[in-house]
There are 2 protein chains.
Amino acid sequence: VSLAGADLAELDTPALLVDLDVLEANLAEMAAVAARAAVALRPHTKTHKSPEIARMQVAAGAAGITCAKLGEAEVMAGAGLDDLLVAFPLVGEAKLRRLGGLLERARVRVSLDSVEVAEGLGRLGRSLGRDLEVLVEVDTGLHRLGRPPGPATAELAAEIARVPGVEVAGLLTHAGHAYRAGSPEALRRVAEREVLDLVETAELCRRAGLELREVSVGSTPTARIGASVAGVTELRPGTYALNDATMVRLGVATEDRVAATVLATVVARPTAERFVVDAGSKSLSSDNMATGPGWVPVAGRPDLVLDFLSEEHGVGHRSGPGELRIGDRLRLVPSHACACVNLWDLAYGVRGGRVERELPVAARGKVA
Amino acid sequence: VSLAGADLAELDTPALLVDLDVLEANLAEMAAVAARAAVALRPHTKTHKSPEIARMQVAAGAAGITCAKLGEAEVMAGAGLDDLLVAFPLVGEAKLRRLGGLLERARVRVSLDSVEVAEGLGRLGRSLGRDLEVLVEVDTGLHRLGRPPGPATAELAAEIARVPGVEVAGLLTHAGHAYRAGSPEALRRVAEREVLDLVETAELCRRAGLELREVSVGSTPTARIGASVAGVTELRPGTYALNDATMVRLGVATEDRVAATVLATVVARPTAERFVVDAGSKSLSSDNMATGPGWVPVAGRPDLVLDFLSEEHGVGHRSGPGELRIGDRLRLVPSHACACVNLWDLAYGVRGGRVERELPVAARGKVA
């Protein structure tokens, strides 16, 4: 039974809401950032896992989309998205078979950081009679995938380029450490370092004879800064579509630009100060909970502070004089939208206090 | 396409595995604990969200099951489980309508900690022409739901008992703070306090004229201790079915009794020490990640240490001389089984290196 057209008061709780006005404004603004800088926008769909929102992103000007895993890309391709970057090293015969199937339906590029992974992709490419496009991932400070910028990456890119069946289309990085920046100033330093390092490394590769077309940078916190640096060709922000409390804390988004919230009901008032809502870590995720009270703000209620989540309970206290009764409804702002949305099968797209349409989180759980 | 009968090597990764020999041993052992103490076992199904495992628990001797939310109970009732405790305060007309539907299919008791919630349930009970059985939740130290043990709870229980349409069947507590106990000794103190407080409060209620039948204690860490205290009638452990790294750390389970693991593949070796696997916080959850390296052990590989998870990557380092190559497979031990399993649609029940059967995580995401 679809709840399209329902009043918010008719929704059972907890429920994941996406404010469509805010979502549309977020998509338009980032598309404008990319257009002004004349770089391609390839949003990361891990944030929303929704083919419908992905289509909105393409309609707003995105050149294609980025997916975290092959399973996510398969869902998106099934919904008609036809220009995909799978930003993950694909390892093993099962993955290569699936990639072969995906390549029949869409343009697919893959990122990697090793010759071993390139060799698997090269075998697939040769069996298909074409070169598979790959992006070489560079470690600009997250210390996850990739070699450091400079000669170490240039050597790796050259080695990969020698693997038959593979074409090195460019370099890619993700400055995930930007999320840990303590201030807007620290964030700017991280973002500039990320982009300059990547552009310089791309130049090094070109001087060594590689014809790199793509210099692709990721992350919502660094996207606006990265867009303006000469040499960048592609932006891959994800969180910007929905935003979250972390983006507000970093100064990357304002509160009125948070599109995703969890509607919850007060189910207990065990003491004069304490309250309990029906949304816990299985509705919001426990991401960033260790940073302490307030990591999940209550929209429009600065007098209410969440202290901790257990799986199905959110436990908080009143820090001001406002009323709060069992049955009251609150809107909780996720600390990390990507982790929150991944817990839900369905989001409600709302506008003007009503459900306008349901948004299936169709790629939820597609971790393989 | 079912993978029943497949060799583990045929599974794509990441994949959630449940060792059926270990699961069966865990279920039998806790059933024996309850039987020896002559208390009822009502396992919490939030851990596995699997109707099939719930049926195994009942077959092993459980009197019924506990569910975290109404949606979980609906899934379990739909699979034939017919004696349910919904350990959550149900608030709002939508929930009461659904509870009415559930009561047509199963015996259902509900826990609560307020007169307001009792009044809603009482209206439903009167409309059905029967008293709904409720358990009054007591705060034995978690500081989530409930009033403190002693007179505060005895007064609340008496008030709730006066609500027409509701019958106070007993008291309930959950010593969730036991998970934070720093040592087995601290754990024992928490567990004894939990149970003695609850039994004494039940006596207080009885002296005031309430005929309480049930004194129900929860949590895997405290269950074995609580079972042996006179006056306890029911145990509600959940995690014991699967166990996890936290239970091992607390001394509640040994490593060979962890039934749930995540099978992952090494996808990168960016430095001589660092490795990256294809399972991150969307496969394992980020629960307890802030406690630092080693919170997610690698089964059988003490030389490998996970340092952090991002959404789809697990990043670790080698602390010993063992070999590790791209394509190697590792089994990761979740820090928190309940949060991990809730990310998956399907677990593979394995025995002797093969998939014996698929276990749908049918109640995953049923947070409402």
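Note that residues are indexed from 1 along each chain, following the sequence as it is written. Here the convention is simple: chains get letters from A, ligands get numbers from 1, in the order in which they are written. The predicted nature of this model means local features are confined to residues of pLDDT at least 70 and side-chain atom pairs, given and counted, to a pLDDT of 80 or more, with totals for whole chains, interfaces and linings taken over all residues. In computing side-chain properties, one takes all heavy atoms of the structure into account and sets aside hydrogens as well as water.

Participant: Is there a simple way to think about the interface of chain A and chain B in this case?
Facilitator: Interfaces are often described in size by the accessible area the parts lose on coming together. Listed as interface residues are 56 residues of chain A and, on the opposing side, 56 residues of chain B. Between chain A and chain B, roughly 4,500 Å² of surface is buried when both sides are summed, and carbon and sulfur atoms account for 54% of that area. Simply put, the buried area is the total loss of 1.4 Å probe accessible area from both parts when two parts are fitted together. Among the residues of chain A in contact with chain B, A:Arg144, A:Lys282 and A:Glu312 are the three that bury the most area, contributing 14% of the side total. Put simply, a salt bridge is a Lys or Arg side-chain nitrogen that is within 4 Å of an Asp or Glu carboxyl oxygen. At the boundary of chain A and chain B, one finds twelve salt bridges. The salt bridge partner of B:Lys46 is A:Glu311, with a shortest N-O separation of 2.7 Å. Of all the secondary structure elements, the ones that give two or more residues to the side of chain A that touches chain B are helix H4 (93–103), helix H5 (115–128), strand E10 (260–268), strand E11 (274–277) and helix H10 (281–284) of chain A. Classification convention: Asp, Glu, Lys, Arg as charged; Ala, Val, Leu, Ile, Met, Phe, Trp, Tyr, Cys, Pro as nonpolar; all other residues, Gly among them, as polar. For the side of chain A that touches chain B, the class distribution of residues is 24 nonpolar, 13 polar and 19 charged. Should any heavy atoms of two residues lie within 4.5 Å, those residues are counted as being in contact. Helix and strand labels come from DSSP, where a helix needs a run of H or I of at least four residues and a strand needs a run of E of at least two; each type is numbered from the N terminus.

Participant: I tried to follow the sheet that holds strand E2 (residues 40–41) of chain A on my own but got confused; where do I start?
Facilitator: Each strand in a sheet pairs with its neighbour through backbone hydrogen bonds, running either in the same direction (parallel) or in the opposite one (antiparallel). Residue and element names in this part refer to chain A. DSSP-based pairing: two strands are paired if at least 2 bridges between them are found. Across the sheet, eight strands lie side by side as E2-E9-E8-E7-E6-E5-E4-E3; this open sheet has parallel pairing. Of all strands in the sheet, those with a lone pairing partner are E2 and strand E3 (65–67), marking the two edges. Bridge count for E2 against strand E9 (residues 234–236) is two bridges, and the pairing is parallel. Among the inter-strand pairings, Leu41 is bridged to a residue of E9, identified as Leu235. The axes are straight lines fitted to the C-alpha atoms, using for helices just the contacting stretch, and the angles between their N-to-C directions are given from 0 to 180°. Packed onto the sheet, helix H6 (residues 151–161) meets strand E5 (107–112), strand E6 (132–137) and strand E7 (166–173) and runs at close to 155° relative to E7. Against the sheet, helix H7 (residues 184–207) contacts E7 and strand E8 (214–218), and its axis sits at roughly 160° relative to E8.

Participant: Got a minute to help me understand the sheet that holds strand E6 (residues 132–137) of chain B in this structure?
Facilitator: Residues and elements named next belong to chain B. The strand order E2-E9-E8-E7-E6-E5-E4-E3 describes an open sheet built from eight strands, whose pairing is parallel. At either end of the open sheet lies a strand with only one pairing partner, and these are strand E2 (40–41) and strand E3 (65–67). Judged from the three bridges that link them, strand E8 (residues 214–218) and strand E9 (residues 234–236) form a sheet pairing that is parallel. Pairing of Ser216 across the sheet is with Glu234, part of E9. Each of strand E5 (107–112), E6 and strand E7 (166–173) touches helix H6 (residues 151–161); the most contacted strand, E7, lies at about 155° to it.

Participant: Any chance you could explain the relation of the copies chain A and chain B here in plain terms?
Facilitator: Both copies of the chain are related by a screw-like operation: a rotation about an axis and a shift along it. For the least-squares superposition of copies, only C-alpha atoms count, and only for residues with pLDDT at least 70 in both. If you rotate chain A by 180° and push it 0.0 Å along the axis, it lands on chain B with an RMSD of 0.0 Å. Taken together, the rotation and translation describe the operation of a two-fold axis. The fraction of interface residues of chain A whose copies in chain B are also interface residues reaches 100%, indicating that both copies meet through the same surface.

Participant: In this structure, what is going on with the packing of helix H7 (residues 184–207) of chain B against helix H8 (residues 220–227) of chain B? I would like to understand it.
Facilitator: For any two helices packed against each other, the geometry comes down to the angle between their axes and how far apart the axes lie. Residues and elements named next belong to chain B. Their axes nearest at 9 Å, the elements H7 and H8 cross at an angle of 60°. Here H8 runs oblique to H7, going by the angle between their axes. The two elements H7 and H8 meet at a crossing, and its hand is right-handed. Facing H7, whose interface residues are Leu187, Arg188, Ala191, Glu192, Glu194 and Val195, H8 presents Pro221, Thr222, Ile225 and Gly226. Broken down by class, the residue content of the contact of H7 with H8 amounts to five nonpolar, two polar and three charged. When describing relative orientation, an angle under 35 degrees is termed roughly parallel and one over 145 degrees roughly antiparallel, while 65 to 115 degrees is termed roughly perpendicular and anything else oblique. If you view the pair so one helix is near and one far, a crossing is left-handed when the near helix is turned anticlockwise from the far one by less than a right angle, and right-handed when it is turned clockwise.

Participant: Would you mind showing me how to read the pattern of salt bridges here?
Facilitator: It is possible for side chains bearing opposite charge to pair when their charged atoms get close. If you walk through the whole model with that rule in mind, you get 64 salt bridges over all chains. For A:Asp12, the salt bridge is made with B:Lys95, and the minimal N-O distance between the two is 2.5 Å. Taken as a pair, A:Asp12 in the segment before strand E1 (15–19) and B:Lys95 in helix H4 (residues 93–103) lie in two separate chains rather than in one. Partly exposed residues are those whose accessible area sits between 20% and 50% of the maximum for their type, while under 20% is buried and over 50% is exposed, using a 1.4 Å probe and protein chains only. The exposure class assigned to B:Lys95 is buried, which follows from its relative accessible area of 6%. Among the salt bridges present, the one from B:Arg351 reaches B:Glu356, with a minimum N-O distance of 2.6 Å. On the basis of relative accessible area, B:Glu356 is assigned to the partly exposed category, the value being 37%.

Participant: Looking at this model, I keep getting lost on the nonpolar core. Mind explaining?
Facilitator: The nonpolar side chains of a soluble globular protein tend to be buried with one another. By nonpolar core we mean a set of buried residues, namely Ala, Val, Leu, Ile, Met, Phe, Trp, Tyr and Cys, connected to one another through side-chain atoms within 4.5 Å. Among the nonpolar cores identified, the biggest contains 210 residues, and A:Leu332 and B:Leu332 are the most heavily contacted of them. Aside from chain neighbours lying at most four places away, what touches B:Leu332 is B:Thr261, B:Val262, B:Ala264, B:Val277, B:Ala279, B:Leu284, B:Val296, B:Pro297, B:Val298 and B:Leu306.

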